[in-house]
Amino acid sequence: MRILVLLSAMLAFCPSQCIAKATDRLPDVELLPLSSGEAPMRLSKAFQGDLALIVLFSPGCPSCEAQIKGAEELLERLGPNPPFTLVPIATSYYPVGFTQAVWDSWTVKSKGYAEKEEGLFKHLKVRNVPVLIWASKDLAVKGMRRSPTSQGELRQDLKKLTGL
């Protein structure tokens with residue numbers, strides 16, 4: 001019984017080395033847009049500027065919804081030309097139709113994506129969501145946070161990364 005408890009604890013906790021470091025690069029995985037009728041695309045094409053806040057989420061995660069909405073509020077406060085793009089990416093564990101239905105029910109403004117296969121989640125060995133990754137256009141990891149993360153912490157990250 002003790003062995004089972006220890007194994008469960010080990011699986012539930014992912015040590016810091018399981019998560020990317022600032023020197024890592026993300027794989028340019030294929031994503032499925034959660035908007036109907038859009039074609040799959042590469043992660044590098046989801047950026048609209050030089051910096052992105054990638055939020056790895058699960059459709060069954062209430063704190064993921066709150067985290068994405070909080071990042072959207074920050075984007076709104078930053079004005080018409082924010083210094084980053086928000087790129088929410090769902091795990092491929094759930095069927096895309098289910099993920100899309102949940103995404104629509106969240107009524108977020110951002111464009112959402114789902115992994116086509118176990119790309120980022122597997123690469124980063126993510127077991128608990130949400131996970132926030134700051135990345136540059138060339139997919140270099142600039143920083144990472146395990147959630148929950150406040151808007152103040154996101155602003156601190158932005159100040160370090162952009163000087164704003």
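This write-up is about the structure you can find in this document. (Residues numbered from 1 in each chain as written. Predicted model: local features only at pLDDT ≥ 70, side-chain atom pairs only at ≥ 80, totals over all residues. Heavy atoms only, no water.)

**Details of helix α3 (residues 96-106)**
No. 1: Turning to α3, its buried residues number three or more, namely T99, Q100, V102, W103 and W106. Viewed end-on, α3 has its buried residues packed into an arc of 165 degrees, placing them on one side of the element. Those residues of α3 that are exposed and angled more than 90 degrees off the buried face are G97 and S105.
No. 2: On its buried face, α3 sits against β3 (51-57), α2 (62-77) and β4 (85-90).
No. 3: Looking at the residues trailing α3, positive phi occurs at T107, about 50 degrees. (Buried < 20%, exposed > 50% of the residue type's maximum accessible area, 1.4 Å probe, protein only. Helix = DSSP H or I, 4+ residues; strand = E, 2+ residues; numbered from the N terminus. Arc of directions from axis to C-beta. Contact = heavy atoms within 4.5 Å.)

**Description of the packing of aromatic side chains**
No. 1: The tally for this structure, following the rule as stated, stands at six aromatic pairs.
No. 2: Between F57 and W106 the ring centres are 5.5 Å apart and the planes differ by 50 degrees, which places this aromatic pair in the tilted class. With a gap of 49 residues between them, F57 in strand β3 and W106 in helix α3 connect regions that are remote in the sequence. For the pair formed by F57 and W106, the shared burial category is buried.
No. 3: Relative to Y94, the ring of Y93 lies with its centre 5.1 Å away and its plane at 90 degrees, an arrangement referred to as edge-to-face.
No. 4: By way of ring pairs, the aromatic residues F57, W103 and W106 are connected into one cluster. (Phe/Tyr/Trp six-rings, centres within 6.5 Å; stacked < 30°, edge-to-face > 60°.)

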